[in-house]
Number of protein chains: 2
Amino acid sequence: MRDQRVVRCTYYLESEIDPERAAAAMAGEQSSGTFVAVPGESPRIRERHAAQVVSVRGLGVRSPSLPSRSRPESVRAALAVVEFPMENIGTDLATLQTTIAGNLFELGELFACRVQDIELPEEFVAAHPGPAFGIPGTRRLMGGAEGVMIGTIIKPNVGLAEDEFRLSVRELARASVDLIKDDELMTDPAYLPLERRIAVATEEIRAAEQITGHPVMYAFNITGDLAGLRRRHDMVVEAGGRCVMLNVPVMGLPALAWLREFSEVPVHGHRAGLAGSMRSPALGMSYRVWQQLARLAGADHLHVSGLGSKFYETDAEVAENVRSLFEPLGKTLSPVPTLSSGQNVTTPAPTFAATGSTDLLMLAGGGVAAHPDGPAAGVRSLRAAWAAAVDGVSLDVAAHTAAEAGDPALLHAGRAFGGVA
Amino acid sequence: MRDQRVVRCTYYLESEIDPERAAAAMAGEQSSGTFVAVPGESPRIRERHAAQVVSVRGLGVRSPSLPSRSRPESVRAALAVVEFPMENIGTDLATLQTTIAGNLFELGELFACRVQDIELPEEFVAAHPGPAFGIPGTRRLMGGAEGVMIGTIIKPNVGLAEDEFRLSVRELARASVDLIKDDELMTDPAYLPLERRIAVATEEIRAAEQITGHPVMYAFNITGDLAGLRRRHDMVVEAGGRCVMLNVPVMGLPALAWLREFSEVPVHGHRAGLAGSMRSPALGMSYRVWQQLARLAGADHLHVSGLGSKFYETDAEVAENVRSLFEPLGKTLSPVPTLSSGQNVTTPAPTFAATGSTDLLMLAGGGVAAHPDGPAAGVRSLRAAWAAAVDGVSLDVAAHTAAEAGDPALLHAGRAFGGVA
């Protein structure tokens, strides 16, 4: 049973000096220390407020990963576990982030510093509601969607005129997709304002639902100035919209937590910009850590990259991202793991093999819009590919079987995107 | 005269493929492209909305800086200039950030991607007010402080009880320092709530001003939840406080821009966490780019690290950070370049030599509090060290001259921190 009065973090560090001393310096910087002893740093303060280095495990000698004032030939790598007193942090997310991932990245005597893992005390977790909708709430708003949820992105990302946008939404909504989203680049441009997108999309979705009977969730990107955040959310809700989207790394976790306080619909958490502080293995924080913060801040859907994607993370890493969202975190709901980038009929099989789950939202932009027979066939082909993946049937066999039974959508998609002869 | 309808960025890239093609793929991802051609990507959209690669300059072959799905032995490095149509972005800061520094960091075919420089169109810059106070407004609130402004940080960073905090502020305010600030880790803990810090600090500062006649600015750290941001700002202003502080990278640039809209006092912009997306030379954005965004968002003071600091940036890089704040950016005021970390009497000479400016705020925590003769001597010694630096007098000579004239503060500081025999 571990100490519930501390936040425990595991850091990957590199230092020229003894890693124990480097970890101690970092712990000091992030709690009660400064570079010289100052009056007032009493034993009481050190006892109650100093961060403690719990363990340091050496990982050998290597070339420094990051530049600094000095340029040593080699440095010593280590994993250091550090505990920060809960009393320093309280239950505030921004204070937590400043403590575990603030000035420590600046320290010249470190040549790598990355938060690999975090264990939050129960009291901290309990102070945050987490996602309001999560997987069950999202499925409910999609009319009880079962299995993997299929989403798509309005393409082209930017530049559509209102009439083009209308036709695009119409076609996708009639294709009975579960979710349509704005591209992360699409916010509130003068040539296609958010207000018009909301009006057009909700109108087209309502009309399509009359035909298909299938509720479609639209994730409206309300990323933008904070002064207007609530107004943009309210526009979505008043028009009958069922989801808002936020570019979380750009807006900041505090913006997500604030939106969570008043949002009446699920918050689709996009990760645009996240790799800027995640992709270097020597810096920033791991997805595992970030997702806990984003989850506490209330993201109902959270982008995890995609297996077989055009993004940098390997399939194994993406699967690990997905699994991290399913790990318990107090009483919070899991956000919907949202797979994106290069998703098409070839990706369900490896995704199901690696995650064993269908509590997923797969976003296919080109995979839907560029289907040779149109978006409705694109959506059908993705659902069929998922059914095959879950049933353990190869894409090739499933495609030919479905084609023989009268629906060539998977066959055509398989030939367009690969995996079917 | 360059095209005012585009945002022009310079990227450092690494790719296995031809850098021209890699840059084009990136430009597509960040504007109208997707991984397959989709219906609706009309010539009109490509013409008006596609980002354009203006130039690509090869920088030779090297080992890949970042991990990706593939692990090539070597990659080709290049500087690519890309122009994004203003029409895609409008004048919104979050949309700009998503466009120039969003998903592009994720791209698997890039092994480095960093925004090195940016040129914003006049219309974009003009849409943002920038700092409300900047250097002149800050000096005015410090009673017309001349020369380098001397600030200090309450130390220890965390853990002080209210009575200890009171004594610390009293001593520092009576020392006629220009600015006292909370540590970035100090937000609103239960053991010393912001409300009490505001009450105690403003009371002590008022009392000290009766004695010294010197107005002291206190930068209260109002970092925390956004729902409470305005309330915390208002508490500061209502108590007569003259500055609020925000951990900008943690809170996000939109939070800074929002605070700027209602803040009645200068905003002290701390950079805690910034290095997480800046320190890797292969990722994120340069300080030069970041400061423009933070400046447009309205930071009145902006941390630049410090010459001779314990942080990673070299003195040359810190000086470049300072200079970037003085470059014109539309009609915006320059934020006050705020030097911190390891600052003491030895740092004014190299700082003045490298920047040629006294429009600076130098924060010395230990450099004030740990002065052998106490904080007032600490502040006097820093002012004397700055006077010597500007006059081109060596620290050693200045220290001995002052001591002979009756003030040994600089002599003792020089002996404690170095530079004086």
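Residues numbered from 1 in each chain as written. Chains lettered and ligands numbered in written order. Predicted model: local features only at pLDDT ≥ 70, side-chain atom pairs only at ≥ 80, totals over all residues. Heavy atoms only, no water.

**Here's the deal with the layout of surface pockets**
Empty space within the largest pocket amounts to approximately 690 Å³. Residue lining of the largest pocket: 35 residues in total, with M278, R279, S280 and P281 of chain A together with P67 of chain B positioned closest to the centre. Elements represented by at least two residues in the lining of the largest pocket include exactly strand 1 (6-15), strand 4 (110-119), helix 12 (287-296) and helix 13 (315-326) of chain A together with strand 1 (6-15) of chain B. Of all the elements, helix 13 of chain A adds the most residues to the lining of the largest pocket, at four residues. Split by residue class, the lining of the largest pocket holds 13 nonpolar, 11 polar and 11 charged. Approximately 450 Å³ is the volume found for the second largest pocket. Lining the second largest pocket are 18 residues, and of these R114, M278, S286, E313 and E317 of chain B sit closest to its centre. Every element with two or more residues in the lining of the second largest pocket is listed here: strand 4 (110-119), helix 12 (287-296) and helix 13 (315-326) of chain B. If you tally residues by element for the lining of the second largest pocket, the top one is helix 13 of chain B, at four residues. Tallied by class, the residues present in the lining of the second largest pocket amount to five nonpolar, six polar and seven charged. (1 Å grid on protein atoms, 1.4 Å probe; cavity = no way out; pocket = protein on both sides within 12 Å on 5 of 7 lines; lining within 4 Å. Points joined across faces, edges and corners; volume = space filled by probe spheres on them. Helix = DSSP H or I, 4+ residues; strand = E, 2+ residues; numbered from the N terminus. Nonpolar A, V, L, I, M, F, W, Y, C, P; charged D, E, K, R; others polar.)

**A closer look at the UniProt feature "domain: Ribulose bisphosphate carboxylase large subunit C-terminal" (unreviewed entry) in chain A**
Using the residue numbers shown here, the UniProt feature "domain: Ribulose bisphosphate carboxylase large subunit C-terminal" (unreviewed entry) corresponds to residues 134-403 of chain A. As a span, residues 134-403 of chain A carries 46% helix and 13% strand, and end to end its C-alpha atoms are 36 Å apart. (UniProt positions renumbered as here; feature names shortened; annotations may be inferred.)

**Overview of the relation of the copies chain A and chain B**
There are two copies of the chain, and a rotation about an axis plus a shift along that axis relates them. The operation relating chain A to chain B is a screw motion whose rotation component is 180°, with 0.0 Å of axial translation and a residual RMSD of 0.0 Å. Such a combination of turn and shift is consistent with a two-fold rotation axis. Here 100% of the contact residues of chain A are again contact residues in chain B; the copies associate through an equivalent surface. (Least-squares fit on C-alpha atoms with pLDDT ≥ 70 in both. Contact = heavy atoms within 4.5 Å.)

**Regarding the sheet that holds strand 6 (residues 179-181) of chain B**
Across a sheet, paired strands are connected by hydrogen bonds in the backbone, their directions being either parallel or antiparallel. All names here are of chain B. Strand order around the closed barrel formed by eight strands is 5-6-7-8-9-11-12-13, with parallel pairing between neighbours. Each strand axis lies, on average, 25° off the axis of its neighbour in the sheet, ignoring direction. Relative to strand 12 (residues 336-339), strand 11 (residues 301-303) runs parallel, the two sharing three bridges. Paired with L302 across the two strands is P337, which belongs to strand 12. Across the face of the sheet, helix 11 (residues 253-262) comes into contact with strand 8 (243-247) and strand 9 (267-270) while running at roughly 165° to strand 8. (Pairing = 2+ DSSP bridges. Axes fitted to C-alpha atoms, helices over the stretch in contact; angles between N-to-C directions.)

**Considering the environment of V54 of chain A**
Residues and elements named next belong to chain A. With respect to the element layout, V54 can be found in strand 2 (residues 52-62). Judged by its relative accessible area of 42%, V54 is partly exposed. Put simply, V54 and C9 are 45 residues apart on the chain and 9.8 Å apart in space, counted from C-alpha to C-alpha. The contact partners of V54, leaving out residues within four places of it in the chain, are V81 and E83. (Buried < 20%, exposed > 50% of the residue type's maximum accessible area, 1.4 Å probe, protein only.)

**Observations concerning the domain arrangement of chain A**
Residue and element names in this part refer to chain A. Taken as a whole, chain A is organised into domain 1 (6-126) and domain 2 (134-417). With centres defined by C-alpha atoms, the gap from domain 1 to domain 2 works out at 36 Å. Between domain 1 and domain 2, the residue contacts involve 20 residues of the former and 19 residues of the latter. Between domain 1 and domain 2, a total of about 1600 Å² is buried, with carbon and sulfur atoms accounting for 68% of that surface. By the criterion of area lost to domain 2, the three top residues of domain 1 are L93, R114 and V125, representing 37% of everything that side buries. Counting across the domain 1 and domain 2 interface gives one salt bridge. Across the pair D117 and R288 runs a salt bridge whose closest N-O atoms are separated by 3.0 Å. The interface formed by domain 1 and domain 2 holds eight residue pairs in polar contact (both at pLDDT 80 or more) in total. When contributions to the side of domain 1 that touches domain 2 are tallied by element, the ones reaching two or more residues are helix 4 (93-101), strand 4 and helix 5 (122-126). Looking at which element gives the most residues to the side of domain 1 that touches domain 2, the answer is strand 4, with seven residues. Looking at the side of domain 1 that touches domain 2, its residues break down into 15 nonpolar, three polar and two charged. (Domains from an automatic or database assignment. Buried area = accessible area lost by both parts, 1.4 Å probe. Salt bridge = Lys/Arg side-chain N within 4 Å of Asp/Glu carboxyl O. Polar contact = N/O pair within 3.5 Å; in protein donor to acceptor, adjacent residues only side chain to side chain.)

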